[in-house]
Amino acid sequence: QISCIAPSVSYLTMWTALHAAAIALVAGTACTAAGATAPAAHTDASDHQTSGLSTSLNPNCSCAQFCDRRCETTNAGRPENITMYRLTPYNVTGLGEKDTGDAAGDLGFFLISLHKLATCTPEQANTNECFLALRPTIRQFFVETNGKYGPYMRCNPLQFPGNTDMVHVDTRAWGCFPWHGHPPQPWVPVNRSTSCPDMAYCPVLMNHSVGRDPAMHHAFDPNNPNLATFFGGSWYSVPTEAECPEGVAPGESCAWRVQPGKEGKTANASCVADRVMAPIEAHGKACYSKCPQPLDRKSECYFSCLEPAVFGSKQNGIMPIDKFEVINAWTQAFTSDNPSDGGCPRVL
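Residues numbered from 1 in each chain as written. Predicted model: local features only at pLDDT ≥ 70, side-chain atom pairs only at ≥ 80, totals over all residues. Heavy atoms only, no water.

Caption draft 1: Structural context of the overall build of the chain. Along the chain, the regular secondary structure elements total 10 helices and 10 strands. Here the chain holds 348 residues, and 56% of them are scored as buried. Accessible surface, the chain: about 14,300 Å² in total, of which carbon and sulfur atoms supply 54%. (Helix = DSSP H or I, 4+ residues; strand = E, 2+ residues; numbered from the N terminus. Buried < 20%, exposed > 50% of the residue type's maximum accessible area, 1.4 Å probe, protein only. Areas by Shrake-Rupley, 256 points an atom, 1.4 Å probe, with all protein chains shown as cover.)

Caption draft 2: Looking closely at the state of the cysteines. In this structure the tally under the stated criterion is seven disulfides. The disulfide bridge from Cys-120 ends at Cys-130, spanning 2.0 Å between sulfur atoms. Linking Cys-120 and Cys-130, the disulfide has an S-S dihedral of approximately -70° and is accordingly described as left-handed. Of the two residues, Cys-120 sits in the loop between α3 (103-119) and β3 (136-145) while Cys-130 sits in the loop between α3 and β3, which places them 10 residues apart along the sequence. Judged on exposure class, the residue Cys-120 and its partner Cys-130 are both buried. (Disulfide = S-S within 2.5 Å.)

Caption draft 3: Quick look at the environment of Thr-121. Structurally, Thr-121 can be placed in the loop between α3 and β3. Between the C-alpha atom of Thr-121 and that of Leu-134, which follows or precedes it by 13 residues, the distance is 8.6 Å.

Caption draft 4: Broad picture of the packing of helix α6 (residues 269-283) against helix α10 (residues 323-335). Two elements in contact, α6 and α10, have axes whose closest approach is 9 Å; the angle formed by their N-to-C orientations is 155°. As far as their axial angle goes, α10 and α6 are roughly antiparallel. Crossing hand, α6 versus α10: right-handed. Together, Val-272, Arg-275, Val-276, Pro-279 and Ile-280 of α6 and Glu-325, Val-326, Ala-329, Trp-330, Ala-333 and Phe-334 of α10 make up the contact between the two elements. Classifying every residue of the contact of α6 with α10 by side-chain character gives nine nonpolar, no polar and two charged. (Axes fitted to C-alpha atoms, helices over the stretch in contact; angles between N-to-C directions. Parallel < 35°, antiparallel > 145°, perpendicular 65-115°, else oblique. Left-handed = near helix turned anticlockwise from the far one by under 90°. Contact = heavy atoms within 4.5 Å. Nonpolar A, V, L, I, M, F, W, Y, C, P; charged D, E, K, R; others polar.)

Caption draft 5: Here's a closer look at unusual backbone geometry. In the Ramachandran plot, Arg-135 falls in the positive-phi region, its phi being about 45° despite a non-glycine side chain. Mapped onto the elements, Arg-135 comes out in the loop between α3 and β3. According to the relative accessible area criterion, Arg-135 is exposed, its value standing at 55%. Backbone geometry at His-217 places phi at a positive 75°, although glycine is not the residue there. Mapped onto the elements, His-217 comes out in the loop between β7 (211-214) and α5 (227-230).

Caption draft 6: Summary view of the packing of α3 against α6. One can describe the packing of α3 onto α6 by two numbers: an axis separation of 11 Å at closest approach and a directional angle of 95°. It follows from the interaxial angle that α3 and α6 lie roughly perpendicular. In this structure, α3 uses Leu-107, Phe-110, Leu-111 and Leu-114 to contact α6, whose residues at the interface are Ala-269, Val-272, Ala-273, Val-276, Met-277 and Ile-280.

Caption draft 7: Highlighting the nonpolar core. Residues Phe-110, Val-272, Ile-280 and Trp-330 are the most contacted members of the largest nonpolar core, which totals 56 residues. Among the elements that line this core, the one with the most residues is α3, at 10 residues. Beyond its immediate chain neighbours, meaning those up to four positions away, Val-272 contacts Phe-110, Ile-138, Ala-267, Trp-330, Ala-333, Phe-334 and Cys-344. Listed in part, the 15 residues of the second largest apolar core include Cys-63, Cys-176, Ala-200 and Cys-202. (Core = buried A, V, L, I, M, F, W, Y, C linked by side-chain atoms within 4.5 Å.)

Such coordinate-based values are descriptive only and should not be taken to indicate function.
In structure tokens, the structure reads:
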């Protein structure tokens, strides 16, 4: 797959609160001012090999090393094209200052968001918990990057001017920040739920790079299964300061641009849900069939079957689902506009 709430077990209070709620089927975060002061970067000799960033800052570069510009060679990268997706309210159209994912990465975020999408009310549309549920769509972007990735940041809507209740947010104003929480104090990471376990932050440099991390910041752990990590994939943060001027390709001077002449598709989240949940519901029929209304997507019984249907359940005699079957359903929703072909109509 957003508010300023530290992740635990519950991508809505910002890409974090919702990301962290895999079990509760809820969920990223970030909120600060672009000029916020960050803690000094660590420069100790330990290379933080366990930072969890080896798939982002190649090959094994920590946030501290990135902030000290010691990743210039090891993270040289090369320009590449990426199809990114973003679950977003209908009124949020751009890519800058937003978090996104590739097909597998945003699919996982979408699944941990389904419960909120189903239960949030219109009156809650300007809150951290529920802003994604405001006539939700999924937008597709064809993006070109310079391949020089930095740590993933939380890009979230900011509070309304003068508002300090930490609850309501303005989806017209966004910012990308390297930690969960408000400035100037970074949130202390828990259970690998941050891109920078070494607590090294450099907002200026990070805001001039496309951020990348494995979905939910770590690989899937069968002993602690999580819907956000099951499908693999990557999450990306896309700061506006890193965007290339018109006519300039990503390179040393800028990090990303929407591919010229390639317009992505926007589909209603409800249609995409129909497409990706069809194979999950069929695979988990042994569980869903026990619900009073098996396919009522607002019932707690329905959501209680989501994880068993995906991860497998000995109790229900269900094997883990083939993740590629679900990923393919996701991509087909955007490849075709024809519902009879597994596609979703283009709404924008």
